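# Residue-level structure breakdown
If you want the building blocks of each chain, they are given just below.
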Amino acid sequence: MARSFEKSFAWRERAEAALVGGGQPHKQSQPPQPIMIAGGKGAHFWDADGNDYIDYLMGYGPMILGHAYPAVREAVAKYLARGNVYNFGHTLEVELAEKLVQIIPSADRVAYFVGGSDATTGAIKFARAYTGREKVIRCGYHGWHDWCSHARGHLSSAAAATLSVDFNNLEALAALFKAHPGEIACLILEPSGHALPEEGYLAEAKALVNANGALIIFDEVKTGFRYALGGAQEYFGTTPDMSVFGKALANGFATAVVVGKKEIMDEVSDVWVAATFHGEVSLVGAAIATIQELEATDGVALMWKQGQKLLDGYREMTERLGIDGARIGGIGPMPFFGLNSECSEKFRKTFYEATLDGGLYLPEGHIWFMSVSHTDEDVAKTLNVSEDALKRAKAA
C-alpha cells in the first residue's frame, strides 16, 4: 500500500507561507514526495504522517551517533545546568580542545566557530593573515559565504579572489600557482567524497602548495570523525597545515573548529574571528560526549563495516540484475548508491518512489552518511527494498 503524505503536504503549504522560499533550498531537494519530518531516533526518522524511514543523509552528516542519541542528550542537559554562554572562556572548551589536539594530526591549536561555513571562512582569514596574500584556491564545497558561493547576492569582489581547481588534478593546481605567482594564500579542499584521492595526490598537493609559499587546508566538515577519529588526514596519512571540522563533531549540535599547526596558529592569534556563541557550552559539551561515545563503541569501525556491507550488497545486486546505470561510490563510512543518466527518468522515478514507499530515505545525488545506529537489520532491509525497487524500475 502506498504511503500517505497528506499531512506533509499541509505542512509544506504552511512552510511556503511562513519561511523564506518555503525553507532552505537544499532541504527541499527530496525524493518524489515533500516529506516534512516530525522526529527521529537512531538511524530512523518519521514524517508528519507517521511514516518511518531508515535515514542515509543523517541531517547532511552531523548525526554520526544517531538522532536523539541518549548519551549526548544527557550530557548536554548536565552541562546546561551550569549555564550556556559566559563572559570569559570556560573549562569545557579547554577540555575539548585538548582532546582534539590529541586525536587530530594537524591540531596543535583550536579555534571555535558555529557551523561549517563560519569555520571555513575563519580558516581562509587565518591563511590570508599568515601569508599576507589574498587569493585562495577552492576544491569542493566549503559553504555559503561570498568567497566560496557565487550565487545571487554575493559580493563580486570577494568572489574575484577565489580560484577553483578540480579534485585529483595536480597539473591544473600547478598552473594556477604559475598564473598567480606570490598571490595565493591557500588551497582549501575536501580530501575525499564521491571521488577518492588518487594514490599520492594529497601528499603531492601539499608539497606543491607549500613550495609556493601557501598553506593547505583540509575541509573535513564531512569526513571528520568518520574516516577515522582524526579524519581523512589520519586515514590517508597526509597532515595539512590547517583543518576544519564540524557536522559530526557534536552529533547535531552546531559547533565547528579550525585547527592548525602551532607555528601558524600562534602567529595569527590576533586575527578577529570572535563571536558570542563560539564555544557555547551546549555545543562543546555535545562534542565531548560524542567523541567519548565514538571511542567507547568503536564507532568508526562500526560505520566502516556497515557501509562496506551496503557497497558490497549494491555491487552484487546490480551486477546480478544487469543494471548498467548504477553509480556506486565512496567508501565505508560515506558510501553512495544512485542512478546515472544511462537510466531513464522513468526508471529513476520508479526506483526512488519504491524505496521511499519501502521505508528508505536514499538521498539522490548526495553522498550518504553512516552512523553508529545503523544496525544489521537496517542494512539488510535497505538491500532487500532496493533490490525490489530495481526490479520494479526495470519492469517499468
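Reference entry: report on the structure contained in this document. Keep in mind that this is a model prediction, so the values were computed, not measured. (Residues numbered from 1 in each chain as written. Predicted model: local features only at pLDDT ≥ 70, side-chain atom pairs only at ≥ 80, totals over all residues. Heavy atoms only, no water.)

This paragraph deals with the state of the cysteines. Structurally, a disulfide amounts to a covalent bond that connects the sulfur atoms of two cysteines. Taken as a whole, this structure holds zero disulfides when the rule is applied. Left without a disulfide partner, Cys-139 is nearest to the cysteine sulfur of Cys-148, which lies 11 Å away. Here Cys-186 is not disulfide-linked; the sulfur of Cys-148 is the nearest cysteine sulfur, at 11 Å. (Disulfide = S-S within 2.5 Å.)

Take the sheet that holds strand β3 (residues 52-55) next. Sheet architecture is open: four strands sit in the order β1-β2-β3-β13, paired in mixed fashion. In the strand order of this sheet, the two ends are held by β1 (37-41) and β13 (360-361), each with one partner. By the bridge criterion, two bridges tie β3 to β13 in an arrangement that is parallel. Each residue of the ladder has a partner; that of Ile-54, found in β13, is Leu-360. (Pairing = 2+ DSSP bridges. Helix = DSSP H or I, 4+ residues; strand = E, 2+ residues; numbered from the N terminus.)

For the rest of this paragraph, the subject is the pairing of β1. Sheet topology places β1 next to strand β2 (residues 44-47); four bridges connect them, and they run antiparallel. Bridged to Lys-41 within β2 is His-44. Following β1, the chain reverses through two residues before pairing antiparallel with β2; Gly-42 in that reversal takes a positive phi of roughly 65 degrees.

Each α-helix turn comprises 3.6 residues. Residues three or four places apart therefore point the same way. Of the residues making up helix α2 (residues 70-80), those classed as buried are Val-72, Ala-75, Val-76 and Tyr-79. Down the axis of α2, the sector holding all buried residues measures 100 degrees, keeping them to one side. At its buried positions, α2 is contacted by α3 (91-103) and α10 (281-297). (Buried < 20%, exposed > 50% of the residue type's maximum accessible area, 1.4 Å probe, protein only. Arc of directions from axis to C-beta. Contact = heavy atoms within 4.5 Å.)

Following the criterion strictly, the structure yields 14 aromatic pairs and no others. Considering the side-chain rings of Tyr-227 and Trp-304, the 6.3 Å spacing of their centres and the 75 degrees angle between planes classify their relative orientation as edge-to-face. Separated by 77 residues along the polypeptide, Tyr-227 in the loop between β8 (215-219) and α8 (232-236) and Trp-304 in helix α11 (residues 299-321) bring together distant segments of the chain. For Tyr-227, a relative accessible area of 2% corresponds to the buried category. Relative accessible area serves as the criterion here: at 19%, Trp-304 is assigned to the buried category. Taken together, the aromatic side chains of Tyr-56, Tyr-314, Phe-337, Phe-351, Tyr-352 and Trp-368 make up a single cluster linked through ring pairs. Cation over ring: Arg-14 sits above Trp-11, and NZ or CZ is 4.0 Å from the ring centre. (Phe/Tyr/Trp six-rings, centres within 6.5 Å; stacked < 30°, edge-to-face > 60°. Lys NZ or Arg CZ within 6 Å of the ring centre and 35° of its normal.)

Here the focus is the side chain of Asp-219. Within the secondary structure layout, Asp-219 lies in strand β8. Those residues in contact with Asp-219 that sit more than four places away from it in its chain are Thr-120, Tyr-141, His-142, Ile-188, Leu-189, Glu-190, Pro-191 and Val-244.

What follows covers the sheet that holds strand β5 (residues 135-139). Across the sheet, seven strands lie side by side as β4-β10-β9-β8-β7-β5-β6; this open sheet has mixed pairing. Across the chains shown, the open sheet's two edge strands, defined by having one partner strand only, are β4 (109-114) and β6 (162-164). Going from strand to strand, the sheet's axes swing by 20 degrees on average, the running direction of each strand aside. As judged from the three bridges shared by β5 and β6, these two strands associate in the parallel manner. Bridged to Arg-138 within β6 is Ser-164. (Axes fitted to C-alpha atoms, helices over the stretch in contact; angles between N-to-C directions.)

Once that is clear, we can look at the nonpolar core. In terms of nonpolar packing, the biggest core is built from 76 residues, with Leu-100, Phe-225, Phe-351 and Leu-390 touching the most fellow members. The greatest single-element share of this core, amounting to eight residues, is contributed by α10. Apart from the residues within four sequence positions on either side, Phe-351 is in contact with Phe-337, Leu-339, Leu-362, Ser-386, Ala-389, Leu-390 and Ala-393. If you look at the next biggest cluster of nonpolar residues, it comprises 24 residues, including Ala-111, Ala-119, Ala-123 and Ile-188. (Core = buried A, V, L, I, M, F, W, Y, C linked by side-chain atoms within 4.5 Å.)

Our focus in this paragraph is the packing of helix α6 (residues 170-179) against helix α7 (residues 201-211). Remark: α6 packs on α7, axes separated minimally by 11 Å, with the N-to-C direction vectors making an angle of 10 degrees. It follows that α6 is roughly parallel to α7 by the angle criterion. Together, Leu-170, Leu-173, Ala-174 and Phe-177 of α6 and Tyr-201, Glu-204, Ala-205, Leu-208 and Val-209 of α7 make up the contact between the two elements. A class-by-class count of the residues in the contact of α6 with α7 yields eight nonpolar, no polar and one charged. (Parallel < 35°, antiparallel > 145°, perpendicular 65-115°, else oblique. Nonpolar A, V, L, I, M, F, W, Y, C, P; charged D, E, K, R; others polar.)

A separate point is the packing of helix α12 (residues 345-357) against helix α13 (residues 376-395). For the pair α12 and α13, interaxial distance at closest approach is 8 Å and the crossing angle is 145 degrees. As for the relative orientation of α12 and α13, their crossing is right-handed in sense. Residues Phe-347, Thr-350, Phe-351, Ala-354 and Thr-355 of α12 touch α13, and the partners they reach there are Val-385, Ser-386, Ala-389, Leu-390, Arg-392, Ala-393 and Lys-394. A breakdown of the residues in the contact of α12 with α13 according to their chemical character gives seven nonpolar, three polar and two charged. (Left-handed = near helix turned anticlockwise from the far one by under 90°.)

Attention now goes to the pattern of salt bridges. Scanning the entire structure with this criterion turns up eleven salt bridges. The partner of Asp-266 in a salt bridge is Arg-109, with the nearest N and O atoms 2.9 Å apart. In this pair, Asp-266 sits in the loop between α9 (262-265) and α10 while Arg-109 sits in strand β4, placing the two residues 157 residues apart along the sequence. What makes Arg-109 partly exposed here is its relative accessible area of 35%. As a salt-bridge pair, Lys-349 and Glu-353 come within 2.5 Å of each other at their nearest N and O atoms. In this pair, Lys-349 and Glu-353 are both assigned in helix α12, four residues apart and thus about one turn of the helix distant. Note on Lys-349: relative accessible area 47%, which makes it partly exposed. In this structure, a network of salt bridges that share partners links the residues Glu-316, Arg-320, Glu-387 and Lys-391. (Salt bridge = Lys/Arg side-chain N within 4 Å of Asp/Glu carboxyl O.)

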